[in-house]
Amino acid sequence: MSPVNRRLLLPLLVFVLGAAALAAAAFITFAPGSRQGGQSLASSVGGPFTLTTAEGRTLTDKDLRGAPFLVFFGFTHCPDICPTKLFEISEVLRAAGAKGEKLKALFVTVDPERDTAETMKSYLGSFDPRIVGLTGERAAIDAAIKAYRAYSRKVPLKDGDYTMDHTALVYLMDKNGGFVGAFNIERPPAEAAQEWLRHL
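Notes on the structure follow. Sequence positions are assigned chain by chain, starting from 1 and proceeding in written order. Residues qualify for local features only when their pLDDT is at least 70, as the model is predicted, and side-chain atom pairs are given and counted only at 80 or more; totals for whole chains, interfaces and linings, by contrast, use all residues. Note that the side-chain values use all heavy atoms of the structure and ignore hydrogens as well as water.

1. Observations concerning empty space enclosed by the protein
The pocket and cavity definitions rest on a 1 Å grid over protein atoms only: a 1.4 Å probe that fits but cannot leave marks a cavity, an open set with protein on both sides within 12 Å along at least five of seven lines marks a pocket, and residues lining either have an atom within 4 Å of a point. Grid points are joined across faces, edges and corners, and a volume is the space filled by probe spheres set on the points. The final tally for this structure, using the stated rule, is one cavity of 30 Å³ or more. Taken as a whole, the largest cavity spans an internal volume of roughly 40 Å³. Around the largest cavity, the lining residues are Phe49, Leu51, Val71, Phe73, Leu106, Val108, Leu134, Ala144 and Tyr148. To qualify as a helix, a DSSP run of H or I must reach at least 4 residues; to qualify as a strand, a run of E must reach at least 2; elements of each kind are numbered from the N terminus. Sorting the residues of the lining of the largest cavity by element identifies β5 (69-74) and β6 (104-109) as the ones contributing at least two each. Partitioning the lining of the largest cavity into residue classes produces nine nonpolar, no polar and no charged. Only Asp, Glu, Lys and Arg are considered charged, only Ala, Val, Leu, Ile, Met, Phe, Trp, Tyr, Cys and Pro nonpolar, and every remaining residue, Gly among them, polar.

Structural data, given as structure tokens:
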């Protein structure tokens, strides 16, 4: 193998191994029946939080009891993944029709320094109104990220700006706030809506 091909192969190999490790970690964390120290890992996903809505109101996990909800971590400066996921969630909510009146999806920022309540309100104006934007103090956001076993990291850019690396998983929580599983948002909206509605 030529030195050029060897140099091209190494980054590809690192990427493949990294992707495989991430997939394995996600499977171990979210597979039904997974256990750690006798406790179901699924039961350890989620928990108490107190954050601020895009309208400036306080929202806690207790306010969501009574209907299943989705949780997605992201940020408003996200170039592609976040707007795509929010569009897909909007389509699922639309497909749920009148039966989905009580359904809500939480869009929790991982970048509260830039994503103020006003910024979140403006950004979410393009999506279904049942998507609730949440921000707050850094400590409160970090606590929510930890509770949902999610991940976020600030990534500096060359021009002095930054972006955020983060978990792109959509979480389905039941009407009591318990973790059901990772929600496949990429299938036909009507199919995804039916699964969500089954937990009402």
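2. As for the layout of surface pockets
If a probe the size of a water molecule is rolled over the atoms, the empty space left behind becomes visible. The computed volume of the largest pocket comes to approximately 390 Å³. Along its surface, the largest pocket is lined by 24 residues, and Arg57, Lys104, Pro129, Ile131 and Val132 are the ones closest to its centre. Elements with a minimum of two residues in the lining of the largest pocket: β4 (58-60), α3 (117-124) and β7 (131-135). Per element, the largest residue contribution to the lining of the largest pocket is three residues, and it comes from β7. Its residues assigned to classes, the lining of the largest pocket shows 11 nonpolar, five polar and eight charged.

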